[in-house]
Amino acid sequence: VKNYAKANPHRMGAWTADSKTSVAHMNNGDFYGTENSTTVENECKYRIVFYGNDGSSKVLKDFAPLKAGEVIDSSVMNISALKSFVKEAINEAKEKNVLLSAHLKATMMKVSDPIIFGAVVETYFADVFEKYAATFKELDINPNFGLATLFEKIAGHAQEAEIKADIEKTIENGPRIAMVNSDKGITNFHVSSDVIVDASMAALVRGGGKMWNKEGKEEDTVCIIPDRTYAGFYDAIVEEMKQNGAIDPTTFGTVPNVGLMAQKAEEYGSHDKTFQISGEGTVKIEDENGTTLLEQNVQNGDIFRMCQTKDAPIQDWVKLAVNRARLSNTPAIFWLDKGRAHDAQIIKKVEKYLQNYDLTGLDIRIMDVKDAMIETLKRGREGKDTISVSGNVLRDYLTD
């Protein structure tokens, strides 16, 4: 496949140093910033419980097993911090006079990302949602379903034309919204699953940092990727492209991936452990003895998420990385961010399990996700191959 791509290179858009395209992400209150993580010492059962400040309590998930050596995380997306951030991103795009686009993964993060998408839509059209609050309540309009469902629900309503005119006015007052299909008038805010971050950002990088406007022309854009967990490496590649220009598929090195993925090895959207919280209080992950394993303070509307990563697949993942590095005589980089709670636990395991192998003559490194991106691009531009060794989510983003 790689040799075919080198012989038949796909189209690459031109990157320029003065590109106004950028990645906008949160700096606090996101999953990355709130994440805490621990390695389970003894086999046990856990459950997730919300304890309200008003004395109420609710079991969000009943007892399920945990094995010794598993890594568990909890994190919270603070909804008010998210909306404040979206306002800033809107202002940034307006000031730069570029498109605004949201890049999420609602197809896999089935609970969290539609809510995040809804917060983007509701903040952008704040005046519309405020003005027609009563009508939207009556029609059961939920911003999480985007503009497409909104248009369906107002069809035939007495205020339909008025609402559509106000939506148009908001878009005219800017910033302009990136389009999914400019011919059909389908915006980036129509359906949460229309724009999937691993595909959309890869296309943007290949396209010189551009997305489509409503005239079907290419323009720079501010990319909203709220959570810093992976926004940083997209930011790194955008900045690297501005500095060094588009890559040349005919000479660029290859980046094979060793992913942590077998048998739900590292969870993805963790749908059964993600909840939008009603009320203020604390969410606790506790064992059958009532001991708190992890906890998070939450406010009304916040998204709570727990993930678990199994130990046996981590051991296998490390073994695969070492074998692959030796067989292909290629450097291998573990893409792990020591500043992220989850990754810090995984790094301890990787360092421990690497000791089981003879690493003589091998180049195996653990690098922060942003640094790993820069190093891999640098090597790729020199025609050198680099093995990326990554967790489950990042594997998808990298392969695209």
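Report follows, based on the coordinates. Since the model is a prediction, treat every value here as computed from it, not as a measurement. (Residues numbered from 1 in each chain as written. Predicted model: local features only at pLDDT ≥ 70, side-chain atom pairs only at ≥ 80, totals over all residues. Heavy atoms only, no water.)

Our next topic: the sheet that holds strand β14 (residues 292-298). Backbone hydrogen bonds hold the strands of a sheet together, and the pairing may be parallel or antiparallel. Across the sheet, four strands lie side by side as β4-β3-β13-β14; this open sheet has antiparallel pairing. The sheet terminates laterally at β4 (57-66) and β14, the two strands that pair on one side only. When strand polarity is set aside, the average angle formed by the axes of neighbouring strands in this sheet is 15°. Pairing geometry for strand β3 (residues 44-52) and strand β13 (residues 281-287), over seven bridges, is antiparallel. What sits directly across from Y46, in β13, is D287. (Pairing = 2+ DSSP bridges. Helix = DSSP H or I, 4+ residues; strand = E, 2+ residues; numbered from the N terminus. Axes fitted to C-alpha atoms, helices over the stretch in contact; angles between N-to-C directions.)

Turning next to the pattern of salt bridges. Under the definition given, this model contains 28 salt bridges. Among the ionic pairs, E122 bridges to K83, the shortest N-O distance being 3.3 Å. With E122 in helix α4 (residues 112-124) and K83 in helix α3 (residues 79-96), this residue pair connects regions lying 39 residues apart in the sequence. The class of E122 is partly exposed, set by a relative accessible area of 28%. Between K349 and D311 there is a salt bridge, and its shortest N-O distance comes to 2.7 Å. Of this pair, K349 sits in helix α12 (residues 341-354) while D311 sits in helix α11 (residues 311-328), placing them 38 residues apart in sequence. Comparing K349 with D311, the two get one shared label, buried. Because the salt bridges share partners, they merge into one network encompassing K105, D198, R395 and D396. (Salt bridge = Lys/Arg side-chain N within 4 Å of Asp/Glu carboxyl O. Buried < 20%, exposed > 50% of the residue type's maximum accessible area, 1.4 Å probe, protein only.)

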